[in-house]
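Report on the structure
Now for the letters of each chain:
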Amino acid sequence: MKRGPGAEGEKLRRGPPGRRPGGGGGNPARREFDRKVDELVRDAGIPKPWALQVARGQVTLNEVLQRLARADRVEQLVHRHGLDRALATQVASGTLELEAVLRRLRLEAHLAEHRDHDSLARAVVDGAPRTLHLHGLRRIEARIRAVDAYEVEVDGAEGPTRLHKLQVKLLHAPDAKVKVGAAAGRAAAEPIKRPQDRYPCSDKRLFAALDAGQEVRIQTLEGDVLSGQITRVSRWEVALRQKGGGELVVFRHAIADLKEG
């Protein structure tokens, strides 16, 4: 009876340990490849998967080091500045500037907090009097009793009356130390009804001045001149802090010009 090779025959077919068919145990080229991989991991400090790609010529060591440095930069941006990973990746790759991204995030946070701030509605709630500068070069002190979408009801020396919101240029507390100057040729003027015809002044521009602590100079449609630092930007108004500490609210529909610095 003819017997098969058995275990001994199988060992002879496979060869000595470490020399599997197709393996590189005794292959000088394979040993050199493994040595290079180990050297890259040890000396260059790169992970083995990257070392394998470098050893195969699929990527250069310099490219790997750049990618690792960029990944490290992304992690720093995420943890230090709270950026989401997509933004952090764009900053790390140079597509976006970090300061521009941070300024945009500060603007978004500011608007989230102040976008709907309405000084007229606040005055209704607290019931305290306000000084209102109106079109027609008028100035009144009154309590604001009600506010709706287009009009404001005030109660002043002449009794209760209703005003269109566009008539109100400026607002402040009666005892606030505010300074309102006058431009040459100051004259009464009608408010501009259509938003597209008004002075263009974006949230981004206003907040940039606020963020930088810049002094601004604002002129209204009737030639009122105001200077100060912007402290709040909302949908309908800009709050200025003037020297002496007084806060002055300027309604955006009344602005004719704004200069920084």
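Analysis parameters
- Residues numbered from 1 in each chain as written.
- Predicted model: local features only at pLDDT ≥ 70, side-chain atom pairs only at ≥ 80, totals over all residues.
- Heavy atoms only, no water.
- Helix = DSSP H or I, 4+ residues; strand = E, 2+ residues; numbered from the N terminus.
- Expected span 1.5 Å × (residues − 1).
- Buried < 20%, exposed > 50% of the residue type's maximum accessible area, 1.4 Å probe, protein only.
- Arc of directions from axis to C-beta.
- Contact = heavy atoms within 4.5 Å.
- Pairing = 2+ DSSP bridges.

Turning our attention to helix H4 (residues 61-81). End to end, H4 covers 30 Å across 21 residues, agreeing with the expected 30 Å (1.5 Å per residue, within 8%). Inspection of H4 places Val64, Val74, Leu77 and Val78 among the buried residues, and these make up the whole buried set. One side of H4 holds all its buried residues, which, seen down the axis, span an arc of 145°. Across H4 from its buried face, at more than 90 degrees, point the exposed residues His79 and Arg80. Contact partners of the buried residues in H4: helix H3 (48-55), helix H5 (85-92) and helix H6 (98-114). Phi turns positive one or two residues past the end of H4, at Gly82, with a value near 70°.

A few words now on the pairing of strand S8 (residues 224-233). Buried residues dominate S8, accounting for seven of its 10 residues. The pairing of strand S6 (residues 181-182) with S8 spans two bridges and is classified as antiparallel. Bridged to Gly181 within S8 is Val225. Hairpin geometry of strand S7 (residues 215-220) and S8 is characterised by an intervening segment of three residues between the two adjacent antiparallel strands and by a positive phi of about 90° at Gly223. The pairing of S8 with strand S9 (residues 237-241) spans four bridges and is classified as antiparallel. Note that in S9 the partner of Ile230 across the bridge is Leu240. A loop of three residues connects S8 with S9, the two strands running antiparallel in sequence.

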